[in-house]
Structure formats: C-alpha cells, structure tokens
Amino acid sequence: MYVLKSFLEITVYIVKLISVATLIIGLLSYLKDILIAIFTKNYKEIKKVKNKLGGIVLLGLEILIIADIVETIINPTFKDIGLLAAIVAIRTAISYFLNKEIESSEESIKR
C-alpha cells in the first residue's frame, strides 16, 4: 500500500508540473503571437491570440483538477474532500466564465 501511495504522490507532483509547463509554454506562445499581431497591426489576430491563451488557461485548470482529485484519493479526509469540492467548484466556475468569454469573443471575430 505504501508503494501505491508513493506512486500516486509522485503522479500528483508530475501532473502539477505538466499543468505549470502547459501554462508557461502557453504564455510564451501568447507573448510571441501577440507581439507579432501588435507590430503587424492585425487587430482581429489579437482577439484570436487572446482566445488561444484562454483555451490554454482552461487546459491548465483542468489538469490541476485532475491532480487535486488524485491527491484527495490519496488522503480522503472530510477536510480534504471539502477542500477538493471548493477547489473544483471555483475552477469550474472560472472555466465556465472563461469559456463563455472565449465564445463571445470568437463570435465578434466572425462578424
């Protein structure tokens, strides 16, 4: 049982690293694309780049939720389950509203 718990703890750590790496790579890609769009004065492209960053943030949040779920499986106390529920609720709300913002922005780009 100890080996499984150690494996899951390492897995949580790796999943969190993947999330951070996703966000950092996404940020670097965003900075490159936004600078190109600004210097070429392509204002529709700026909105597309912003939407792309929003998608990357959503992906990072979803990966973090996976890590939180696995972490709660390792230590299933009522406090941890309540904390997980709060974290998932907050991240889900952020994801929902960010997704709405992206959809709204994409509709305005099409016009």
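Everything that follows concerns the structure shown earlier in this document.
All values derive from a computational prediction rather than experimental measurement.

The rules behind the values
- Residues numbered from 1 in each chain as written.
- Predicted model: local features only at pLDDT ≥ 70, side-chain atom pairs only at ≥ 80, totals over all residues.
- Heavy atoms only, no water.
- Helix = DSSP H or I, 4+ residues; strand = E, 2+ residues; numbered from the N terminus.
- Buried < 20%, exposed > 50% of the residue type's maximum accessible area, 1.4 Å probe, protein only.
- Patch = residues over 30% accessible without salt bridge, like charges linked within 9 Å, V, L, I, M, F, W, Y side chains within 5 Å.
- Areas by Shrake-Rupley, 256 points an atom, 1.4 Å probe, with all protein chains shown as cover.
- Salt bridge = Lys/Arg side-chain N within 4 Å of Asp/Glu carboxyl O.
- Phe/Tyr/Trp six-rings, centres within 6.5 Å; stacked < 30°, edge-to-face > 60°.
- Axes fitted to C-alpha atoms, helices over the stretch in contact; angles between N-to-C directions.
- Parallel < 35°, antiparallel > 145°, perpendicular 65-115°, else oblique.
- Nonpolar A, V, L, I, M, F, W, Y, C, P; charged D, E, K, R; others polar.
- Polar contact = N/O pair within 3.5 Å; in protein donor to acceptor, adjacent residues only side chain to side chain.
- Contact = heavy atoms within 4.5 Å.
- Core = buried A, V, L, I, M, F, W, Y, C linked by side-chain atoms within 4.5 Å.

Peer 1: Account for the environment of Ala21, with residues named and values stated.
Peer 2: In this structure, Ala21 sits in helix 1 (residues 2–39). Ala21 gets classed as partly exposed once you look at its relative accessible area, which sits at 34%. Sequence-wise, Ala21 and Val88 are 67 residues apart; in three dimensions their C-alpha atoms are separated by 20 Å.

Peer 1: So, a nonpolar patch on the surface: which residues are in play, and what are the values?
Peer 2: There is a patch of nonpolar side chains on the surface, built from Ile10, Tyr13, Ile14, Leu17 and Ile18 and spanning about 500 Å² of accessible area. Here Tyr13 is to be found in helix 1. Classification of Tyr13 as exposed rests on a relative accessible area of 54%.

Peer 1: Would you mind going over the packing of aromatic side chains in detail, with residue names and values included?
Peer 2: Aromatic ring pairs are reported here in terms of the distance separating the ring centres and the angle at which the planes meet. On inspection of all chains with the given rule, the structure shows one aromatic pair. Note on Tyr96 and Phe97: the rings are 5.1 Å apart at their centroids and 80° apart in plane angle, and the pair reads as edge-to-face. Tyr96 sits in the partly exposed class, given a relative accessible area of 47%.

Peer 1: Break down the pattern of salt bridges for me, with residues and values.
Peer 2: Oppositely charged side chains may form a pair once their charged atoms are brought near each other. This structure, assessed with the given rule, holds five salt bridges. Of the charged contacts, one joins Asp33 and Lys52 as a salt bridge, the two residues approaching to 2.8 Å between their closest N and O atoms. In this pair, Asp33 is assigned in helix 1 and Lys52 in helix 2 (residues 43–74), connecting sequence segments 19 residues apart. Since its relative accessible area comes to 16%, Asp33 is described here as buried. For Lys52, a relative accessible area of 40% puts it in the partly exposed group.

Peer 1: Tell me what's going on with the packing of helix 1 against helix 2, and back it up with residues and numbers.
Peer 2: The interhelical angle for the contact between helix 1 and helix 2, taken along N-to-C directions, is 175°, at an axis separation of 9 Å. The pairing of helix 1 with helix 2 is recorded here as roughly antiparallel in orientation. Counted by class, the contact of helix 1 with helix 2 contains 22 nonpolar, five polar and nine charged residues.

Peer 1: Could you give an account of unusual backbone geometry, with specific residues and numbers?
Peer 2: The phi dihedral of Lys41 falls on the positive side, at around 55°, and the residue is not glycine. Relative to the assigned elements, Lys41 resides in the loop between helix 1 and helix 2.

Peer 1: Please provide a residue-by-residue account of the side chain of Asp68, values included.
Peer 2: Mapped onto the elements, Asp68 comes out in helix 2. Of the polar contacts made by the side chain of Asp68, one reaches the side chain of Arg91; its length is 2.3 Å. The contact partners of Asp68, leaving out residues within four places of it in the chain, are Lys16, Leu84, Ile87 and Arg91.

Peer 1: Just give me the short version of the nonpolar core, but keep the residues and values in it.
Peer 2: Generally speaking, soluble globular proteins have nonpolar side chains that are buried together. Core analysis: the biggest nonpolar cluster contains five residues, these being Val12, Val15, Ile63, Ala67 and Ile74. At the level of secondary structure, the elements contributing two or more residues to this core comprise helix 1 and helix 2. At three residues, helix 2 tops the list of elements feeding residues into this core. Leaving out residues up to four positions away in the same chain, Val15 has contacts with Ile63, Ile66 and Ala67.

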